[in-house]
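Here are the chains, one letter per residue:
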Amino acid sequence: MDLSHTFTLETRPRDFAIRLPRRGARTIGRRLRRKHNGRRLLILLAAIAVPALATPADWGSFDIGNAVKGDVAVEPMPFERNGDSFPGSAFYYLTTDPAPGALGEGVHSDAEDAPTLVDPLAGPIAGSMRVDNSGVDRSRALECLTAAIYYEAASEPDQGQRAVAQVILNRVAHPGFPGTVCGVVYQGSERSTGCQFSFTCDGSLARVPSRFFWQRAMAVAQAALSGYVERSVGLATHYHTIAVHPAWDAQMNHITTIGAHMFFRWRSRAGDAANFRFAYLGGEPLAAPHTRNAAADRLPDPSLDPLALARAFEAGVKTAQSGSGAQNAEVASPVAARTSAAPTYSADVQSRGGDAQYRAEKLPEGQTVKPEFQNSGRWIAQPGT
(Lines give C-alpha, C1' and ligand atoms only; values in the text may rest on other atoms or scores of the structure.)
Protein backbone atom coordinates (compact mmCIF):
# COMPACT_ATOMS: atom_id res chain seq x y z
CA MET A 1 0.00 0.00 0.00
CA ASP A 2 1.39 3.37 -0.99
CA LEU A 3 1.66 5.55 2.17
CA SER A 4 3.82 8.27 0.68
CA HIS A 5 0.94 10.81 0.85
CA THR A 6 0.09 10.73 4.58
CA PHE A 7 -0.26 13.25 7.37
CA THR A 8 -0.49 13.33 11.17
CA LEU A 9 -4.00 13.64 12.75
CA GLU A 10 -3.96 14.97 16.29
CA THR A 11 -6.96 14.34 18.60
CA ARG A 12 -7.76 15.22 22.18
CA PRO A 13 -7.79 14.55 25.14
CA ARG A 14 -5.37 11.74 24.38
CA ASP A 15 -2.37 12.73 22.40
CA PHE A 16 -1.45 10.28 19.76
CA ALA A 17 -0.82 10.27 16.03
CA ILE A 18 -2.06 7.99 13.32
CA ARG A 19 -0.96 7.88 9.77
CA LEU A 20 -3.85 7.49 7.26
CA PRO A 21 -4.27 7.90 3.53
CA ARG A 22 -5.57 11.29 2.46
CA ARG A 23 -8.89 9.81 1.16
CA GLY A 24 -9.61 7.98 4.44
CA ALA A 25 -9.06 11.14 6.44
CA ARG A 26 -11.67 13.00 4.41
CA THR A 27 -14.27 10.28 5.00
CA ILE A 28 -13.78 10.31 8.77
CA GLY A 29 -14.08 14.10 8.80
CA ARG A 30 -17.43 14.03 7.02
CA ARG A 31 -18.87 11.47 9.44
CA LEU A 32 -17.78 13.48 12.47
CA ARG A 33 -19.40 16.65 11.08
CA ARG A 34 -22.73 14.84 10.33
CA LYS A 35 -22.84 13.41 13.83
CA HIS A 36 -22.36 16.82 15.46
CA ASN A 37 -24.95 18.46 13.16
CA GLY A 38 -27.54 15.77 14.02
CA ARG A 39 -27.09 16.36 17.74
CA ARG A 40 -27.49 20.11 17.32
CA LEU A 41 -30.78 19.60 15.39
CA LEU A 42 -32.22 17.37 18.14
CA ILE A 43 -31.34 19.94 20.82
CA LEU A 44 -33.04 22.71 18.80
CA LEU A 45 -36.30 20.69 18.32
CA ALA A 46 -36.40 19.87 22.05
CA ALA A 47 -36.06 23.54 22.92
CA ILE A 48 -39.11 24.37 20.78
CA ALA A 49 -41.36 21.40 21.60
CA VAL A 50 -41.03 21.31 25.41
CA PRO A 51 -42.39 24.84 26.03
CA ALA A 52 -45.24 24.26 23.53
CA LEU A 53 -46.34 21.06 25.23
CA ALA A 54 -46.16 22.75 28.62
CA THR A 55 -48.62 25.53 27.55
CA PRO A 56 -51.50 23.91 25.52
CA ALA A 57 -53.70 26.98 26.11
CA ASP A 58 -51.84 28.75 23.31
CA TRP A 59 -52.82 26.18 20.66
CA GLY A 60 -55.85 28.17 19.50
CA SER A 61 -53.93 29.46 16.53
CA PHE A 62 -54.02 25.95 15.09
CA ASP A 63 -57.88 25.77 15.03
CA ILE A 64 -59.60 25.39 11.63
CA GLY A 65 -62.68 27.59 11.63
CA ASN A 66 -65.28 26.27 14.07
CA ALA A 67 -64.48 22.61 13.47
CA VAL A 68 -64.05 21.93 17.19
CA LYS A 69 -67.12 23.80 18.36
CA GLY A 70 -70.35 21.90 19.02
CA ASP A 71 -73.02 24.61 18.90
CA VAL A 72 -75.84 22.20 17.93
CA ALA A 73 -77.09 20.05 20.76
CA VAL A 74 -78.29 16.63 19.67
CA GLU A 75 -81.52 15.79 21.45
CA PRO A 76 -82.25 12.11 22.08
CA MET A 77 -85.16 10.51 20.25
CA PRO A 78 -88.32 10.04 22.35
CA PHE A 79 -87.81 6.30 22.58
CA GLU A 80 -84.21 6.89 23.74
CA ARG A 81 -85.25 8.75 26.90
CA ASN A 82 -85.55 7.08 30.25
CA GLY A 83 -89.12 6.06 30.95
CA ASP A 84 -90.23 6.39 27.32
CA SER A 85 -88.48 3.29 26.02
CA PHE A 86 -89.85 -0.22 25.94
CA PRO A 87 -89.55 -3.12 23.47
CA GLY A 88 -91.09 -1.96 20.21
CA SER A 89 -91.52 1.69 21.28
CA ALA A 90 -89.74 2.98 18.18
CA PHE A 91 -92.72 1.87 16.08
CA TYR A 92 -94.94 4.55 17.67
CA TYR A 93 -92.56 7.35 16.74
CA LEU A 94 -92.30 6.56 13.02
CA THR A 95 -93.36 9.27 10.60
CA THR A 96 -96.75 8.53 9.10
CA ASP A 97 -96.97 8.22 5.32
CA PRO A 98 -98.66 11.12 3.56
CA ALA A 99 -102.15 10.55 2.25
CA PRO A 100 -102.23 9.28 -1.35
CA GLY A 101 -103.08 11.90 -3.89
CA ALA A 102 -105.93 11.74 -6.34
CA LEU A 103 -105.49 10.85 -10.01
CA GLY A 104 -104.11 13.81 -11.86
CA GLU A 105 -102.10 15.02 -8.84
CA GLY A 106 -98.93 13.08 -9.53
CA VAL A 107 -100.73 9.71 -9.39
CA HIS A 108 -101.40 7.95 -12.69
CA SER A 109 -103.02 4.68 -13.57
CA ASP A 110 -100.97 2.07 -15.44
CA ALA A 111 -103.61 2.18 -18.17
CA GLU A 112 -102.80 5.81 -18.93
CA ASP A 113 -100.18 6.97 -21.38
CA ALA A 114 -96.87 8.05 -19.89
CA PRO A 115 -96.10 11.78 -20.10
CA THR A 116 -94.61 12.70 -23.46
CA LEU A 117 -91.19 14.30 -23.42
CA VAL A 118 -90.62 17.19 -25.79
CA ASP A 119 -87.34 18.15 -27.40
CA PRO A 120 -87.00 21.88 -28.24
CA LEU A 121 -85.86 21.01 -31.78
CA ALA A 122 -87.35 17.61 -32.62
CA GLY A 123 -90.69 18.10 -30.85
CA PRO A 124 -92.32 15.16 -29.04
CA ILE A 125 -89.86 12.36 -28.28
CA ALA A 126 -90.64 8.71 -28.89
CA GLY A 127 -90.98 6.26 -26.05
CA SER A 128 -88.70 3.29 -25.62
CA MET A 129 -89.80 -0.01 -27.16
CA ARG A 130 -88.43 -3.25 -25.72
CA VAL A 131 -88.85 -6.37 -27.79
CA ASP A 132 -88.33 -9.22 -25.33
CA ASN A 133 -91.49 -11.29 -25.74
CA SER A 134 -90.08 -14.56 -26.99
CA GLY A 135 -87.11 -15.95 -28.83
CA VAL A 136 -89.01 -16.10 -32.13
CA ASP A 137 -90.29 -12.52 -31.99
CA ARG A 138 -86.95 -11.19 -30.84
CA SER A 139 -84.89 -12.99 -33.48
CA ARG A 140 -87.26 -12.05 -36.31
CA ALA A 141 -87.47 -8.41 -35.24
CA LEU A 142 -83.69 -8.24 -34.97
CA GLU A 143 -83.24 -9.78 -38.42
CA CYS A 144 -85.67 -7.36 -40.08
CA LEU A 145 -84.41 -4.24 -38.33
CA THR A 146 -80.78 -5.14 -39.05
CA ALA A 147 -81.58 -5.62 -42.74
CA ALA A 148 -83.37 -2.26 -42.92
CA ILE A 149 -80.48 -0.44 -41.24
CA TYR A 150 -77.91 -2.18 -43.42
CA TYR A 151 -79.57 -1.68 -46.83
CA GLU A 152 -80.92 1.80 -46.05
CA ALA A 153 -78.00 3.33 -44.12
CA ALA A 154 -74.92 1.10 -44.24
CA SER A 155 -72.64 4.03 -45.08
CA GLU A 156 -74.33 6.50 -42.73
CA PRO A 157 -72.85 7.63 -39.39
CA ASP A 158 -73.98 5.94 -36.18
CA GLN A 159 -76.59 8.61 -35.51
CA GLY A 160 -77.96 8.20 -39.02
CA GLN A 161 -78.38 4.46 -38.52
CA ARG A 162 -80.04 4.99 -35.14
CA ALA A 163 -82.42 7.50 -36.76
CA VAL A 164 -83.50 4.97 -39.42
CA ALA A 165 -84.15 2.39 -36.71
CA GLN A 166 -86.19 4.93 -34.73
CA VAL A 167 -88.40 5.71 -37.75
CA ILE A 168 -89.19 2.02 -38.10
CA LEU A 169 -90.09 1.68 -34.41
CA ASN A 170 -92.19 4.85 -34.61
CA ARG A 171 -94.17 3.20 -37.39
CA VAL A 172 -94.60 0.06 -35.31
CA ALA A 173 -96.07 2.24 -32.55
CA HIS A 174 -98.47 4.08 -34.90
CA PRO A 175 -101.81 2.43 -35.83
CA GLY A 176 -101.47 3.58 -39.44
CA PHE A 177 -98.74 0.98 -40.02
CA PRO A 178 -98.32 -2.73 -39.25
CA GLY A 179 -97.76 -3.46 -35.58
CA THR A 180 -94.60 -5.54 -36.00
CA VAL A 181 -91.04 -4.73 -37.02
CA CYS A 182 -91.00 -7.15 -39.94
CA GLY A 183 -94.47 -5.99 -40.98
CA VAL A 184 -93.24 -2.41 -41.22
CA VAL A 185 -89.98 -3.25 -42.98
CA TYR A 186 -91.55 -5.49 -45.64
CA GLN A 187 -94.78 -3.52 -46.10
CA GLY A 188 -95.57 -3.40 -49.82
CA SER A 189 -92.80 -5.81 -50.77
CA GLU A 190 -95.31 -7.84 -52.80
CA ARG A 191 -95.22 -5.03 -55.37
CA SER A 192 -92.62 -4.72 -58.08
CA THR A 193 -92.31 -1.03 -57.22
CA GLY A 194 -93.75 1.25 -54.57
CA CYS A 195 -92.69 -0.68 -51.47
CA GLN A 196 -92.19 1.30 -48.28
CA PHE A 197 -88.46 0.54 -48.17
CA SER A 198 -86.96 0.30 -51.63
CA PHE A 199 -84.47 -2.46 -50.79
CA THR A 200 -87.35 -4.94 -50.27
CA CYS A 201 -88.46 -4.84 -53.90
CA ASP A 202 -85.59 -3.51 -56.05
CA GLY A 203 -83.34 -6.56 -55.90
CA SER A 204 -80.97 -5.26 -53.22
CA LEU A 205 -81.57 -8.36 -51.09
CA ALA A 206 -79.79 -10.44 -53.73
CA ARG A 207 -76.48 -8.84 -52.72
CA VAL A 208 -74.48 -10.67 -50.08
CA PRO A 209 -74.03 -8.22 -47.19
CA SER A 210 -70.62 -7.23 -45.88
CA ARG A 211 -69.98 -9.01 -42.59
CA PHE A 212 -68.41 -5.96 -40.91
CA PHE A 213 -71.21 -3.56 -41.85
CA TRP A 214 -73.86 -6.16 -41.04
CA GLN A 215 -72.47 -6.56 -37.53
CA ARG A 216 -72.42 -2.77 -37.15
CA ALA A 217 -76.07 -2.53 -38.20
CA MET A 218 -76.99 -5.39 -35.87
CA ALA A 219 -75.45 -3.58 -32.90
CA VAL A 220 -77.65 -0.56 -33.63
CA ALA A 221 -80.72 -2.78 -34.01
CA GLN A 222 -80.04 -4.57 -30.72
CA ALA A 223 -79.83 -1.26 -28.88
CA ALA A 224 -83.06 0.01 -30.46
CA LEU A 225 -84.97 -3.18 -29.59
CA SER A 226 -83.66 -2.94 -26.02
CA GLY A 227 -85.22 0.47 -25.44
CA TYR A 228 -82.73 2.98 -26.88
CA VAL A 229 -84.44 6.12 -28.22
CA GLU A 230 -82.86 8.39 -30.83
CA ARG A 231 -84.18 11.74 -29.62
CA SER A 232 -82.98 13.78 -32.60
CA VAL A 233 -85.75 12.53 -34.93
CA GLY A 234 -88.62 12.71 -32.44
CA LEU A 235 -91.75 11.01 -33.81
CA ALA A 236 -90.61 10.98 -37.43
CA THR A 237 -92.38 8.40 -39.57
CA HIS A 238 -90.85 9.20 -42.97
CA TYR A 239 -87.49 10.08 -44.47
CA HIS A 240 -85.88 10.36 -47.87
CA THR A 241 -82.40 11.06 -49.21
CA ILE A 242 -81.21 14.55 -50.02
CA ALA A 243 -80.91 13.48 -53.69
CA VAL A 244 -84.70 13.44 -54.21
CA HIS A 245 -87.51 15.91 -53.58
CA PRO A 246 -90.90 14.17 -53.29
CA ALA A 247 -94.09 16.21 -53.47
CA TRP A 248 -95.24 15.30 -49.97
CA ASP A 249 -92.29 16.67 -47.96
CA ALA A 250 -93.44 20.29 -48.33
CA GLN A 251 -96.61 19.47 -46.36
CA MET A 252 -94.84 17.68 -43.50
CA ASN A 253 -92.69 18.94 -40.66
CA HIS A 254 -89.00 18.63 -41.42
CA ILE A 255 -87.29 17.64 -38.16
CA THR A 256 -83.63 17.27 -39.04
CA THR A 257 -81.13 16.07 -41.62
CA ILE A 258 -78.58 13.45 -40.64
CA GLY A 259 -76.03 12.36 -43.19
CA ALA A 260 -77.82 11.77 -46.50
CA HIS A 261 -81.35 11.48 -45.03
CA MET A 262 -84.00 14.09 -44.21
CA PHE A 263 -86.56 13.12 -41.54
CA PHE A 264 -90.20 14.22 -41.38
CA ARG A 265 -93.29 13.79 -39.24
CA TRP A 266 -96.93 14.45 -39.98
CA ARG A 267 -98.14 17.99 -39.54
CA SER A 268 -101.77 16.89 -39.20
CA ARG A 269 -103.57 15.13 -36.37
CA ALA A 270 -102.11 11.82 -37.49
CA GLY A 271 -98.74 12.88 -36.07
CA ASP A 272 -100.02 13.66 -32.56
CA ALA A 273 -98.04 12.00 -29.78
CA ALA A 274 -101.26 10.47 -28.36
CA ASN A 275 -101.49 8.19 -31.41
CA PHE A 276 -98.23 6.39 -30.70
CA ARG A 277 -98.24 3.36 -28.39
CA PHE A 278 -94.77 2.01 -27.69
CA ALA A 279 -96.00 -1.23 -26.16
CA TYR A 280 -94.76 -4.12 -28.26
CA LEU A 281 -97.33 -6.90 -28.71
CA GLY A 282 -95.31 -9.44 -30.68
CA GLY A 283 -96.56 -11.65 -33.50
CA GLU A 284 -93.66 -11.09 -35.88
CA PRO A 285 -94.17 -12.60 -39.37
CA LEU A 286 -91.39 -14.25 -41.31
CA ALA A 287 -88.31 -12.09 -41.79
CA ALA A 288 -88.59 -12.16 -45.57
CA PRO A 289 -90.27 -10.21 -48.38
CA HIS A 290 -93.83 -11.05 -49.36
CA THR A 291 -94.58 -13.17 -52.39
CA ARG A 292 -94.81 -11.04 -55.51
CA ASN A 293 -98.39 -10.27 -56.53
CA ALA A 294 -98.97 -8.74 -59.95
CA ALA A 295 -102.52 -7.75 -59.00
CA ALA A 296 -101.18 -5.58 -56.16
CA ASP A 297 -99.41 -3.36 -58.70
CA ARG A 298 -102.75 -2.45 -60.27
CA LEU A 299 -104.47 -1.56 -56.98
CA PRO A 300 -104.11 1.85 -55.34
CA ASP A 301 -102.36 1.80 -52.00
CA PRO A 302 -102.83 4.86 -49.76
CA SER A 303 -99.82 3.86 -47.67
CA LEU A 304 -97.52 4.82 -50.55
CA ASP A 305 -98.46 8.49 -50.12
CA PRO A 306 -97.85 9.84 -46.59
CA LEU A 307 -100.49 12.54 -47.04
CA ALA A 308 -103.11 10.06 -48.27
CA LEU A 309 -102.25 7.79 -45.35
CA ALA A 310 -102.77 10.67 -42.89
CA ARG A 311 -106.17 11.47 -44.44
CA ALA A 312 -107.22 7.82 -44.25
CA PHE A 313 -106.16 7.68 -40.62
CA GLU A 314 -108.11 10.78 -39.66
CA ALA A 315 -111.18 9.47 -41.51
CA GLY A 316 -110.93 6.22 -39.55
CA VAL A 317 -110.73 8.14 -36.27
CA LYS A 318 -113.88 10.11 -37.10
CA THR A 319 -115.71 6.94 -38.07
CA ALA A 320 -114.70 5.21 -34.85
CA GLN A 321 -115.77 8.18 -32.71
CA SER A 322 -119.12 8.56 -34.44
CA GLY A 323 -119.90 4.84 -34.21
CA SER A 324 -120.14 2.47 -31.27
CA GLY A 325 -117.23 4.12 -29.44
CA ALA A 326 -118.66 7.64 -29.47
CA GLN A 327 -119.69 7.46 -25.83
CA ASN A 328 -116.07 6.85 -24.80
CA ALA A 329 -114.50 9.31 -27.23
CA GLU A 330 -113.75 11.83 -24.50
CA VAL A 331 -111.66 9.35 -22.50
CA ALA A 332 -110.18 7.21 -25.24
CA SER A 333 -107.17 8.17 -27.33
CA PRO A 334 -107.93 8.89 -30.99
CA VAL A 335 -106.28 5.72 -32.27
CA ALA A 336 -107.81 3.90 -35.20
CA ALA A 337 -108.02 0.13 -35.13
CA ARG A 338 -105.34 -1.72 -37.07
CA THR A 339 -106.50 -3.88 -39.91
CA SER A 340 -104.79 -7.21 -40.40
CA ALA A 341 -105.37 -10.26 -42.52
CA ALA A 342 -107.15 -13.24 -40.97
CA PRO A 343 -104.62 -15.76 -39.63
CA THR A 344 -104.28 -19.17 -41.22
CA TYR A 345 -103.82 -22.31 -39.12
CA SER A 346 -102.60 -25.81 -39.77
CA ALA A 347 -105.01 -28.72 -40.03
CA ASP A 348 -104.11 -29.81 -36.50
CA VAL A 349 -104.97 -26.39 -35.04
CA GLN A 350 -108.15 -26.24 -37.10
CA SER A 351 -109.23 -29.58 -35.64
CA ARG A 352 -108.87 -28.14 -32.12
CA GLY A 353 -111.10 -25.17 -32.87
CA GLY A 354 -108.97 -22.90 -35.01
CA ASP A 355 -109.14 -19.22 -34.17
CA ALA A 356 -111.80 -19.71 -31.48
CA GLN A 357 -109.28 -21.09 -28.97
CA TYR A 358 -107.24 -17.90 -29.19
CA ARG A 359 -110.07 -15.43 -28.70
CA ALA A 360 -110.31 -13.55 -25.40
CA GLU A 361 -113.72 -14.84 -24.44
CA LYS A 362 -113.04 -15.08 -20.70
CA LEU A 363 -112.22 -11.47 -20.01
CA PRO A 364 -114.45 -9.28 -17.77
CA GLU A 365 -117.89 -8.76 -19.29
CA GLY A 366 -117.72 -12.30 -20.69
CA GLN A 367 -120.31 -14.99 -20.06
CA THR A 368 -118.04 -17.44 -18.25
CA VAL A 369 -116.68 -15.03 -15.60
CA LYS A 370 -118.21 -15.14 -12.16
CA PRO A 371 -119.93 -11.92 -11.11
CA GLU A 372 -117.58 -11.36 -8.16
CA PHE A 373 -114.59 -11.33 -10.54
CA GLN A 374 -115.98 -9.13 -13.33
CA ASN A 375 -114.58 -5.95 -11.75
CA SER A 376 -111.04 -7.29 -11.56
CA GLY A 377 -108.45 -4.64 -12.32
CA ARG A 378 -110.69 -1.69 -11.48
CA TRP A 379 -110.34 0.73 -8.58
CA ILE A 380 -111.94 -0.48 -5.36
CA ALA A 381 -111.98 3.09 -4.09
CA GLN A 382 -110.74 6.23 -5.75
CA PRO A 383 -107.33 7.16 -4.26
CA GLY A 384 -107.46 10.20 -2.05
CA THR A 385 -111.17 9.97 -1.30
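Reading the values: the criteria
- Residues numbered from 1 in each chain as written.
- Predicted model: local features only at pLDDT ≥ 70, side-chain atom pairs only at ≥ 80, totals over all residues.
- Heavy atoms only, no water.
- Disulfide = S-S within 2.5 Å.
- Helix = DSSP H or I, 4+ residues; strand = E, 2+ residues; numbered from the N terminus.
- Buried < 20%, exposed > 50% of the residue type's maximum accessible area, 1.4 Å probe, protein only.
- Lys, Arg positive; Asp, Glu negative; His and termini not counted.
- Salt bridge = Lys/Arg side-chain N within 4 Å of Asp/Glu carboxyl O.
- Axes fitted to C-alpha atoms, helices over the stretch in contact; angles between N-to-C directions.
- Parallel < 35°, antiparallel > 145°, perpendicular 65-115°, else oblique.
- Left-handed = near helix turned anticlockwise from the far one by under 90°.
- Contact = heavy atoms within 4.5 Å.
- Nonpolar A, V, L, I, M, F, W, Y, C, P; charged D, E, K, R; others polar.
- Pairing = 2+ DSSP bridges.
- Core = buried A, V, L, I, M, F, W, Y, C linked by side-chain atoms within 4.5 Å.
- pLDDT = per-residue confidence, 0-100.
- Phe/Tyr/Trp six-rings, centres within 6.5 Å; stacked < 30°, edge-to-face > 60°.

### Thoughts on the state of the cysteines
What is meant by a disulfide is a covalent connection between two cysteines, made through their sulfur atoms. A complete count under the given rule lists 2 disulfides for this structure. Shown here is the disulfide that connects Cys144 with Cys182, its sulfur atoms set 2.0 Å apart. What sets the handedness of the Cys144 and Cys182 disulfide is the S-S torsion sign, and at about 95° it is right-handed. Of this pair, Cys144 sits in helix α2 (residues 135–153) while Cys182 sits in helix α4 (residues 181–185), placing them 38 residues apart in sequence. Under the relative-accessibility criterion, Cys182 is labelled buried at 1%.

### Concerning the side chain of Arg265
Looking at the element boundaries, Arg265 is found in strand β7 (residues 261–265). Lacking a salt bridge, the buried Arg265 has Asp272 as its closest oppositely charged neighbour, with an N-O distance of 6.1 Å.

### Things to note about the packing of helix α3 (residues 158–173) against helix α5 (residues 211–225)
The N-to-C vectors of α3 and α5 enclose an angle of 50°; their axes lie 10 Å apart at closest approach. Of the possible angle classes, the one that applies to α3 and α5 is oblique. Here α3 runs over α5; the crossing is right-handed. Of α5, the residues touching α3 (which contributes Asp158, Gln161, Arg162, Ala165 and Leu169) are Arg216, Ala217, Val220, Ala224 and Leu225. Grouping the constituent residues of the contact of α3 with α5 by class yields 6 nonpolar, 1 polar and 3 charged.

### Some thoughts on the sheet that holds β7
Ordered by their spatial adjacency, 3 strands build an open sheet running β5-β7-β6, and the pairing between neighbours is antiparallel. Single-partner strands in this sheet number two, and they are β5 (238–241) and β6 (253–258). Neighbour-to-neighbour, the strand axes of this sheet turn through a mean angle of 25°, independent of strand direction. The sheet contact formed by β6 and β7 spans 5 bridges and is antiparallel. Looking at β7, one finds that His254 is bridged to Phe264.

### Observations concerning the nonpolar core
Residues Met129, Leu145, Ile168, Val181, Val185, Leu225 and Phe263 are the most contacted members of the largest nonpolar core, which totals 58 residues. Counting only elements with at least two residues in this core, the list comes to α2, α3, α4, α5, β6, β7 and α7 (306–322). When neighbours within four sequence positions are excluded, Ile168 is seen to be in contact with Leu145, Ala148, Val181, Val184, Val185 and Phe197.

### Concerning the confidence of the model for the protein chain
The predicted model of the protein chain has a mean per-residue pLDDT of 77, with 69% of residues at 70 or higher. Counted against residues more than four places away or in other chains, residues 325–337, with its pLDDT under 50, gives 20 contacts.

### Some remarks on the packing of aromatic side chains
Two aromatic rings, taken as a pair, are described by how far apart their centres are and by the angle between their planes. Applying the stated rule across the entire model yields 10 aromatic pairs. Summarising the aromatic geometry, the rings of Phe212 and Phe213 are spaced 5.2 Å apart at their centres and angled 85° between planes, so their arrangement reads as edge-to-face. Assessed through its relative accessible area of 59%, Phe212 is described here as exposed. Its relative accessible area of 36% is what places Phe213 among the partly exposed residues. Every member of this aromatic cluster is reached through a ring pair, and the members are Tyr150, Tyr151, Tyr186, Phe199 and Trp214.

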